[in-house]
Amino acid sequence: MKAEIRKEYHRWVEQCSNAETALYDADVTAELKAMAADEAKIEDAFYRDLAFGTGGLRGVIGAGTNRMNVYTVAKASQGLADYVKKNFAQEDWKIAVSYDSRIKSDRFAQVASGVFAANGIQVWIYPELMPTPCLSYAVRALGCAAGIMVTASHNPSKYNGYKVYGADGCQITTEAAAEILAGIERLDIFNDIQVTEFAAESSSDISYIPAEVYTAFVKEVKKQSVLFGDEIDRNVSIVYSPLNGTGLKPVLRTLKESGFTNITVVAEQEQPDGHFPTCPYPNPEIREAMALGMEYAAKCNADLLLATDPDCDRVGIAVKKTATAAISKGAGNNNADAPALLDAGNKNTDAMAPEGTESTEAASQYVLLSGNETGMLLLDFICSQRIRHGQMPENPVLVKTIVTIDMAERIAKKYGVRTVNVLTGFKFIGEQIGLLEKQGRTEDYILGFEESYGYLSGSYVRDKDAVDASLLICEMFAYYRTRGISLLDRLEELYREFGYCLNTLYSFEFEGSAGFARMQEIMAEFRKGVDAIGPKKVERVLDYREGLDGLPKSDVLKYLLEDDCSVVVRPSGTEPKLKTYISVSAATKEEAGELEKQMAEAMKAYFR
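The paragraphs below set out a description of the structure included in this document. The structure presented is a predicted model; accordingly, all values stated were derived computationally and were not measured.

Turning our attention to empty space enclosed by the protein. The final tally for this structure, using the stated rule, is two cavities of 30 Å³ or more. Reported here for the largest cavity is a volume of approximately 70 Å³. Around the largest cavity, the lining comprises 13 residues; the ones closest to its centre are Ile 402, Val 403, Asn 503, Ser 566 and Ser 583. When contributions to the lining of the largest cavity are tallied by element, the ones reaching two or more residues are strand 21 (565-571) and strand 22 (577-586).

A few words on the sheet that holds strand 14 (residues 418-422). Strand order in the open sheet formed by four strands is 14-13-15-16, and the pairing between neighbours is mixed. Each edge of the open sheet carries a strand with a single partner, namely strand 14 and strand 16 (454-456). With strand direction ignored, the average angle separating the axes of adjacent strands in the sheet is 15°. As judged from the four bridges shared by strand 13 (residues 397-401) and strand 15 (residues 445-450), these two strands associate in the parallel manner. Each bridged residue has a counterpart across the sheet, and for Leu 398 the counterpart in strand 15 is Leu 447.

Applying the stated criterion across every chain, the model contains 38 salt bridges. Here Arg 6 makes a salt bridge to Glu 39, at a shortest N to O gap of 3.6 Å. Here the residue Arg 6 occupies a position in helix 1 (residues 3-15), and Glu 39 occupies one in helix 3 (residues 39-46), the gap between them amounting to 33 residues. A relative accessible area of 22% means that Arg 6 is categorised as partly exposed. By relative accessible area, Glu 39 is classed as partly exposed at 45%. Residue Glu 409 pairs with Lys 400 through a salt bridge whose shortest N-O separation is 3.9 Å. Using a relative accessible area of 31% as the deciding quantity, one classes Glu 409 as partly exposed. Within this structure, Lys 163, Asp 311, Asp 313, Glu 450 and Lys 464 form a network of salt bridges that share partners.

How two aromatic rings sit relative to each other is given by the distance of their centres and the angle of their planes. A full pass over the atoms with the stated rule returns 16 aromatic pairs. Measuring from ring centre to ring centre gives 5.9 Å for Tyr 137 and Phe 217, while their planes differ by 65°; the resulting arrangement is edge-to-face. Residue Tyr 137 is located in helix 6 (residues 132-141), and its partner Phe 217 is located in helix 8 (residues 211-222); the two are separated by 80 residues in the primary sequence. The burial state of Tyr 137 is the same as that of Phe 217; both residues are buried. When the ring centre of Tyr 214 is taken as origin, the NZ or CZ atom of Arg 253, which lies over that ring, is 5.0 Å away. Here Arg 483 stacks its cationic end above the ring of Tyr 479, 3.8 Å away from the centre of that ring.

Definitions and limits used
- Residues numbered from 1 in each chain as written.
- Predicted model: local features only at pLDDT ≥ 70, side-chain atom pairs only at ≥ 80, totals over all residues.
- Heavy atoms only, no water.
- 1 Å grid on protein atoms, 1.4 Å probe; cavity = no way out; pocket = protein on both sides within 12 Å on 5 of 7 lines; lining within 4 Å.
- Points joined across faces, edges and corners; volume = space filled by probe spheres on them.
- Helix = DSSP H or I, 4+ residues; strand = E, 2+ residues; numbered from the N terminus.
- Pairing = 2+ DSSP bridges.
- Axes fitted to C-alpha atoms, helices over the stretch in contact; angles between N-to-C directions.
- Salt bridge = Lys/Arg side-chain N within 4 Å of Asp/Glu carboxyl O.
- Buried < 20%, exposed > 50% of the residue type's maximum accessible area, 1.4 Å probe, protein only.
- Phe/Tyr/Trp six-rings, centres within 6.5 Å; stacked < 30°, edge-to-face > 60°.
- Lys NZ or Arg CZ within 6 Å of the ring centre and 35° of its normal.

Here you go:
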């Protein structure tokens, strides 16, 4: 072990032992003592500082510089406080705070608030856990210079995180993140942090966000309806799971106020619980996360299953199979676009295939739709409704990420909608909404979506919103159901009209310092050149590392292959993973499925 790592560890042992300090955490102290004889654990906990970027912080909860704890949260908060004080007039020194159900989320939110208050910044914090879109809304509604959301989104329970938002309600830009990071790096984690005890009820610098702000958010969501007076059967049977996160109150309130009252909540996943006892990986992209909900749906004979992730910015759905809808395996309806968790270090010997399997009785009755499929259905529904009711703006815009299904562009073109492609991450979609706002064109924005189950149809927030998406999905489902059409029927119609396109995502995990180095090696190997991926030749390579097509610099490679196929490779910005996105176009679903398997096998070789 390097001497500086050992030295920093001993410094933490000494500094964290004082129970009288505002940042004392008995769990951190106990963990530091427990790892004393384990050099590997000490090295992993201290070999680097937890990375801070446009996504803020995200890491495993625990003791050390490479962990999420009260000290790393306080240091990041001091850096953000310094940034706000430097870049905003004093009357604008306000920061909004929210948090989810994860382990220590409330404590981290209080620590951050204490740092902001100690720096003379007015803190507005929700009195209870609230979703990410509610934080984005509060930033703008309260005229804040910044906002933070304590969450690790859909990661396993051992993770937590800290998203940072700008005054526009969007996650911070690359430039802002770089300036905040530079400030953080100048700070000593124990000696340079100003902090006071959290006291919302007695402190003039910390106030609870009024209930009126939350109510205004719900009203804005309900305004996103595109029914325009059309009659629908709102008594459809819905099963909903918040996956032990923040979605329970806002999703149910919005749906019920919109007339959807026949809702059954998955009891085991109803209340906030950061341990996620029935759902170790609380990500609606993953079949296992939806399994209990599908069992409930089967027992209730429900028409539709909704599940939102812990911070309620993503939503996944499942619909009952119908006699008329018979989408073949490999078409994507069996969650073909969901992440396949593949073995990157001989850890996952039972890796999930991209098309998934249907092993339970419940799963055999319901079909999980991918993020791409739900996004295409929403795009088609919104456009068709707007045109039919004369509500389509003159210059409508769809914003999607470069890894989101290409077929969406073909649908948009049919309706006269211009598509703007951005880098992976909804913050880039949010930035496009901001640009439209500056031009006085926010009404031109009709939808933004990404393949990872994130959707937003309005400009009232600048991040993906599963509350909004849940309402739109329920209205879309009920609209078609009232007219004798299932979502699977409509999806088949879209495939027949626009041709078939299959997108899959594979994630390869590389933990620890050795894994971090290996990810860098793999990206370097890809940049040496690739002639073909499976049977498809590479026709062009797009390297976004130095910026491309007006987009910010990003460690992303996209290979454009013959016959309208493509592959994207990028490191995750929030997890120790490399991700590869495979897009296949073919004449039939069966051909696409076979071609995707060949390309996936070719890609796996690079990640061994």
